[in-house]
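Survey of secondary and tertiary structure
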Amino acid sequence: MGRTLENKKEIVADLKETLSESTLALVIEYQGLTVAEISDLRRRLRPSGTVCKVTKNTLMGIAIKDDEKWQPMSELLNGSSAFLLVKEDFSSAIKAYQEFQKVTKKTELRGGVLEGRLLKEPDVKVLGDLPSKEQLIAQIAGAINALATKIAVGINEVPGSLARALQAVSDQEQSGGSTETVAVEDSSTETATEGDSSTETAAE
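Here is a short report on the structure shown in this document. Note that this is a predicted model, so its numbers are computed, not measured. (Residues numbered from 1 in each chain as written. Predicted model: local features only at pLDDT ≥ 70, side-chain atom pairs only at ≥ 80, totals over all residues. Heavy atoms only, no water.)

1. Thoughts on the layout of surface pockets
When its volume is computed, the largest pocket comes out at roughly 190 Å³. Forming the boundary of the largest pocket are Ile94, Tyr97, Gln98, Gln101, Thr107, Glu108, Leu109, Glu121 and Lys125. For the lining of the largest pocket, the secondary-structure elements that each account for two or more residues are helix 4 (90-104), strand 4 (108-114) and helix 5 (121-128). Per-element tally for the lining of the largest pocket: the top contributor is helix 4, with four residues. Here the second largest pocket is characterised by a volume of approximately 150 Å³. Looking at the second largest pocket, it is lined by ten residues, and the ones nearest its centre are Arg3, Lys8, Lys56, Thr58 and Leu59. Per-element tally for the lining of the second largest pocket: the top contributor is helix 1 (residues 5-20), with four residues. (1 Å grid on protein atoms, 1.4 Å probe; cavity = no way out; pocket = protein on both sides within 12 Å on 5 of 7 lines; lining within 4 Å. Points joined across faces, edges and corners; volume = space filled by probe spheres on them. Helix = DSSP H or I, 4+ residues; strand = E, 2+ residues; numbered from the N terminus.)

As structure tokens, this is what we get:
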């Protein structure tokens, strides 16, 4: 029994909604896969937040018709198509599909679309080689921790540096003060000498 018009509209609406939440779409040739294998693929993709849609090319064509972001996908709509709609974790999704392909050896990646750009298989492979979302988070956390450690070490060194600077100023002031005292003493001595000279003159 064929799908009714109402049913087709529901499928197209669902595709549009899923596409609106996705950033990457992969199109694979799935002919020959059993229901159990399709279920296995969906299970592998689920942790990355990726949705696998098996639908007719004509319905996907209607779903992307007025959307420039996904229009390039029209070049991939031929044969038996399954669509892997990835929200954000490209690397994990692609790796999950690649692992599935190694096990089944029944599918073929036709290409994909990212931000309005058509991707060929080599392009998709490059995306798959990128760090996963979890790895990126770990790298960022490591960088932040390293920076925090440097800041903490710098803060700990400030009191010592400040103390040394204050001590240097203090030593300099004390040194200057001693010089002034000597100068005053020398002046007093000179005054006393002049006084003695005056006394001698009066005595004469």
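Having seen it, we continue.
2. A short note on helix 1
Relative to the 22 Å expected for 16 residues at 1.5 Å per residue, helix 1 spans 23 Å between its end C-alpha atoms, a close match to the ideal helical length. Along helix 1, the residues that are buried comprise Ile11, Val12, Leu15, Thr18 and Leu19. The arc that holds the buried residues of helix 1, viewed along the axis, is 125°, so those residues lie on one side. Seen from the open side of helix 1, the exposed residues pointing more than 90 degrees away from its buried face are Lys9 and Ser20. Along its buried surface, helix 1 packs onto strand 2 (51-54), helix 3 (57-64) and strand 3 (81-86). (Expected span 1.5 Å × (residues − 1). Buried < 20%, exposed > 50% of the residue type's maximum accessible area, 1.4 Å probe, protein only. Arc of directions from axis to C-beta. Contact = heavy atoms within 4.5 Å.)

3. Some remarks on the pattern of salt bridges
Taken as a whole and judged by the stated rule, the model has eight salt bridges. Across the pair Lys106 and Glu37 runs a salt bridge whose closest N-O atoms are separated by 3.1 Å. Of the two residues, Lys106 sits in the loop between helix 4 and strand 4 while Glu37 sits in helix 2 (residues 35-45), which places them 69 residues apart along the sequence. One salt-bridge network, held together by shared partners, links Asp40, Arg43 and Arg44. (Salt bridge = Lys/Arg side-chain N within 4 Å of Asp/Glu carboxyl O.)

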